[in-house]
Number of protein chains: 2
Amino acid sequence: MDSEVKYWYLRNHKLFWVLNNMQLKQLCIITGFKKAKKGDIIYLFPSDAPKIYFLKKGNIKIASIDEDGHEITKEIIQKGDLFGELSLDTSIKSNEYAQALTNDVTICSFLLSDFEALMEKHPGLALSYTKFVGLRFKRMSSNYSNLIFKDARSRLIYFIKDWAIREGVIEGEKATVMNYLTQQDIAQIICTSRQTITQLFNDFEEEGLLHYNRKEIIVLDLRKMK
Amino acid sequence: MDSEVKYWYLRNHKLFWVLNNMQLKQLCIITGFKKAKKGDIIYLFPSDAPKIYFLKKGNIKIASIDEDGHEITKEIIQKGDLFGELSLDTSIKSNEYAQALTNDVTICSFLLSDFEALMEKHPGLALSYTKFVGLRFKRMSSNYSNLIFKDARSRLIYFIKDWAIREGVIEGEKATVMNYLTQQDIAQIICTSRQTITQLFNDFEEEGLLHYNRKEIIVLDLRKMK
DNA sequence: CAAGAAATGTCGGCTGCATGACATTTTTAA
DNA sequence: TTAAAAATGTCATGCAGCCGACATTTCTTG
């Protein structure tokens, strides 16, 4: 990959806004480049050097399996997001992995060590990164709170609204989201059973809150979704 | 508070190990100092400048209340821990607050802005801080996973073992923890009802796993606690 | 296009645990 | 020291939602 392209990938990420164009052009820390199709597993912790990943195209999920074989989806990563060992801590081996949810996944990666070296030189970047990671954590933490307190219906509503706002096409109070998740996927995200998801979508449809099919989800009125 | 004392508080926190003694002595960023007794509420988000807190003595909990009046305890903070707006993000107002669990709570605080300025000057500190926050979050995340997947009994066992290991006096496989939490407190931590906690402690006692009273909890065999 | 695989729809039984109600014990504060 | 408050113990009831079982629909792949 030529350095001009690398430049643009990073330039478009707000994390690197603290660097001016000159600095950015000199970086070119992207070292890896990978494509994946739906269902492919991407291991985040290769035996060699730890990396940070950057999703250029498509959607992936970060998941893990506990000792009981329970699979949970921790995050949905979207175009432009960073993922991997964001905490910069490589001591504890996590059992997390990433899986492509769409067919056109493109991932860039750079070495954690390169990134750390970069931050040493640019304190602004370090600060900016810290805030960035902090925000991400906050978001996850709020998701967890939701899981614990609300019932399945509220959780699904919260998830759909969030999804619609983050990725959907909004027209007034109507939102249309491209649905690249199966009901099983959604069940794993909001920690309920597949059957409950089916039931809830049918309920929502009956109540006139949304239209659901395998291709897209149309929320008819965001205000009424609660 | 004289600068010699401030120096020691920070010196003992591993976050500041990346700074050498000279740098540290020049800092003296601690600006606040507060004492609290059992039950006192400490508001984390004063109307003036955002702060980061450092628990010098005692135990506190970080909790929040959702719109349904549900109270959850998010973390138990122990001597030496940092708390407050660790994500450095002050844009969203959180509804979190801290409450003293013991009678001899001492809290130091410093201004977020001072800390940020410090990180600008010392990229190593920023890096170290990011790792620190990452670790904290990882811990929280594992707690949440536990809440979501395991039943109340497993959650309580996990909590007690963790508590014993973090704070208890361990002799071989026996562990003794000073019990500064009410059953209500524990219920809020592992997200169950007070009655369930009572029942479980009685079960554990019957099964010969531990001795419980209001002053201390003695785990008879850590290996058998599972 | 056909056959197998994957995703969705539907039902009923079962259970962990929340919830309320109340008794008893311990602590706190006057 | 004593009354009120807080913490703990015990029980009966109800229900959200998990789980297994199976049917139907849709997608994938040779």
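The rules we used
- Residues numbered from 1 in each chain as written.
- Chains lettered and ligands numbered in written order.
- Predicted model: local features only at pLDDT ≥ 70, side-chain atom pairs only at ≥ 80, totals over all residues.
- Heavy atoms only, no water.
- Pairing = 2+ DSSP bridges.
- Helix = DSSP H or I, 4+ residues; strand = E, 2+ residues; numbered from the N terminus.
- Salt bridge = Lys/Arg side-chain N within 4 Å of Asp/Glu carboxyl O.
- Buried < 20%, exposed > 50% of the residue type's maximum accessible area, 1.4 Å probe, protein only.
- Axes fitted to C-alpha atoms, helices over the stretch in contact; angles between N-to-C directions.
- Contact = heavy atoms within 4.5 Å.
- Phe/Tyr/Trp six-rings, centres within 6.5 Å; stacked < 30°, edge-to-face > 60°.
- Buried area = accessible area lost by both parts, 1.4 Å probe.
- Polar contact = N/O pair within 3.5 Å; in protein donor to acceptor, adjacent residues only side chain to side chain.

*Asks:* Break down the pairing of strand β10 (residues 174-178) of chain A for me, with residues and values.
*Replies:* The side chains of a regular strand alternate between the sheet's two faces. All names here are of chain A. In the sheet, strand β9 (residues 169-171) pairs with β10 via 3 bridges, with the strands oriented antiparallel. Looking at the pairing, E171 lines up with K174 of β10. Between β9 and β10, which pair antiparallel one after the other, the connecting turn spans 2 residues, and G172 there sits at a positive phi close to 65°. In this structure, β10 lies alongside strand β12 (residues 216-219), joined through 4 bridges in antiparallel fashion. Of the residues in β12, the one forming a bridge with V177 is I217.

*Asks:* Which residues make up the pattern of salt bridges, and what values go with them?
*Replies:* Opposite charge on two side chains lets them pair, provided their charged atoms get close. Counted under the stated rule, the structure contains 23 salt bridges over all chains. A salt bridge links E75 of chain A to R136 of chain A, with the nearest nitrogen and oxygen atoms 3.1 Å apart. One end of the pair, E75 of chain A, is in strand β5 (residues 71-77); the other, R136 of chain A, is in helix α4 (residues 123-149), and 61 residues separate them in sequence. Residues E75 of chain A and R136 of chain A agree in their burial class; the two are buried. Between K131 of chain B and E116 of chain A there is a salt bridge, with the nearest N and O atoms lying 3.8 Å from each other. Separated into two different chains, K131 of chain B in helix α4 (residues 123-149) and E116 of chain A in helix α3 (residues 112-121) make up a pair that spans both. Accessibility expressed as a relative area gives 30% for K131 of chain B, which makes it partly exposed. Sharing partners across several salt bridges, the network here consists of K61, E71 and D185 of chain A.

*Asks:* Tell me what's going on with the sheet that holds β9 of chain A, and back it up with residues and numbers.
*Replies:* Residues and elements named next belong to chain A. Judged by pairing direction, the sheet is antiparallel, and its 4 strands sit side by side in the order β9-β10-β12-β11 without closing on themselves. Looking along the sheet, the strands with just one partner apiece sit at the ends: β9 and β11 (210-212). Each strand of the sheet is rotated relative to its neighbour by a mean of 10°, with strand direction disregarded. Helix α5 (residues 152-167) rests against β9, β10, β11 and β12 of the sheet, and its axis sits at about 85° to β10.

*Asks:* Mind laying out the packing of aromatic side chains, listing which residues take part and the relevant values?
*Replies:* Under the counting rule described, the total for this entry stands at 15 aromatic pairs over all chains. An angle of 80° between the planes, with centres 5.7 Å apart, marks the rings of W163 of chain B and Y180 of chain B as edge-to-face. Here W163 of chain B, found in helix α5 (residues 152-167), pairs with Y180 of chain B, found in the loop between β10 (174-178) and α6 (183-189); they are 17 residues apart in sequence, far enough to count as distant. By relative accessible area, Y180 of chain B is classed as buried at 7%. Through successive ring pairs, a cluster of aromatic residues spans F110, F115, Y129 and F132 of chain A.

*Asks:* Lay out the side chain of T73 of chain A in plain terms, naming residues and giving numbers.
*Replies:* Residue and element names in this part refer to chain A. Its location among the elements puts T73 in strand β5. Its relative accessible area of 3% is what places T73 among the buried residues. Apart from the residues within four sequence positions on either side, T73 is in contact with K61, I62, A63, Q188 and I189.

*Asks:* Tell me about the interface of chain B and chain A, and please be specific about residues and values.
*Replies:* Listed as interface residues are 34 residues of chain B and, on the opposing side, 35 residues of chain A. Surface buried jointly by chain B and chain A totals about 3200 Å² across both partners, of which 68% is contributed by carbon and sulfur atoms. Of all residues in chain B, L127, F137 and F149 of chain B give up the largest surface area on contact with chain A, accounting jointly for 20% of the area buried on that side. In this structure, E85 of chain B engages K138 of chain A in a salt bridge whose closest nitrogen and oxygen atoms are separated by 3.5 Å. At the junction of chain B with chain A, the criterion picks out 3 residue pairs in polar contact (both at pLDDT 80 or more). Counting only elements with at least two residues in the side of chain B that touches chain A, the list comes to β5 (71-78), α3 (112-121) and α4 of chain B.

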